[in-house]
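The lines below spell out each chain.
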Amino acid sequence: MIEKHNTKPGPIGIFDSGYGGLTILDGIRRLLPEYDYLYIGDNARAPYGSRSFDVVYEFTLQAVEKLFDMGCSLVILGCNTASAKALRTIQQNDLKRIDPSRRVLGVIRPTVEAIGTLTHNQHVGLLATEGTVLSESYNIELKKLYPSIEITAVACPMWVHLVENNQMNTPGAEYFVQLRLEQLLQKDPDIDTIILGCTHFPLLLPLIRKHVPPHIHLLAQGNYVAESLKNYLLRHPEIDERCAKNGQCDYYTTENPLKFQQSASIFLKESITAKHINLE
């Protein structure tokens, strides 16, 4: 049972379908180390990228409600697929029912806000999961803020598997990275900025950089989401007051905690301790 208008400070919740949101958490913790964080990875049901809108929404709502139950007043969907397929419905419909004083934010809007300062010729590329590409969420948000920007998207279905299996430095990874980049730049050779629209993709940055011209800006989301969160908390002191500040971070997974700990070290470059959690 979620306690409405809970005034006791709690952690900032961060949710992802798996491990990719750890790159978002890492960026946020570097900028805002004083806050408490609670990370949930739904690894048992990952990946979300090819799942339907209804299923992603259902799974994401379960995670948000769990994080609220655990004392979070603010939840970040550190997952592009969840941000694309579930965020708006949760914000517009479910928060009214659950607790209008709590907040759920995503990673797409902060990324889009940054684009306007990075592209010089208004030609932007998007590399993401199939679900994020099909949702057209980046297209919609870009048109709201920057109507003149042309966005070209390519889905990269193999990239998440390569990262989660620690295969970033293999010939197979290079093949699939080069393949998708060539497809993207063939569709629009004028692209000068590429959004890495999946939180796993920053781990492929060395390979991506190897196969794009040096003038193309690569936008990894962690730092931009962190800056956006910092500004949000400054603008909303009533939310900031409900965020605990003890510098603690707890990790939960719907999968085996030992497996999560091993894979999380790939993303965080440090050892962590995780606990099992059930979202259903």
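One structure accompanies this document, and this report is about it. Everything numeric in this text was worked out from a predicted model, so none of it was measured.

So, how was this worked out
- Residues numbered from 1 in each chain as written.
- Predicted model: local features only at pLDDT ≥ 70, side-chain atom pairs only at ≥ 80, totals over all residues.
- Heavy atoms only, no water.
- Core = buried A, V, L, I, M, F, W, Y, C linked by side-chain atoms within 4.5 Å.
- Buried < 20%, exposed > 50% of the residue type's maximum accessible area, 1.4 Å probe, protein only.
- Contact = heavy atoms within 4.5 Å.
- Helix = DSSP H or I, 4+ residues; strand = E, 2+ residues; numbered from the N terminus.

Things to note about the nonpolar core
- Counting residues in hydrophobic clusters, the biggest one holds 55 residues, and the most contacted among them are Leu22, Leu127, Ile194, Leu233 and Tyr251.
- Setting aside anything within four residues of it in sequence, one finds Ile194 in contact with Gly125, Leu127, Leu181, Leu184, Val212, Ile216, His217, Leu218 and Leu219.
- Val56, Ala82, Tyr252 and Leu279 belong to the second-largest nonpolar core, a separate cluster that totals 25 residues.

A closer look at unusual backbone geometry
- Ala46 connects to Pro47 through a cis peptide bond whose omega is 0°.
- Counting through the fold element by element, Pro47 comes out in the loop between β2 (37–41) and α2 (53–69).
- Unlike most non-glycine residues, Glu136 shows phi in positive territory, near 60°.
- Counting through the fold element by element, Glu136 comes out in the loop between α6 (130–135) and α7 (137–145).
- A positive phi is found at Lys269, a non-glycine position, where the angle reads about 60°.
- With respect to the helices and strands, Lys269 occurs in the loop between α13 (257–268) and β10 (274–276).
- Lys269 sits in the exposed class, given a relative accessible area of 67%.

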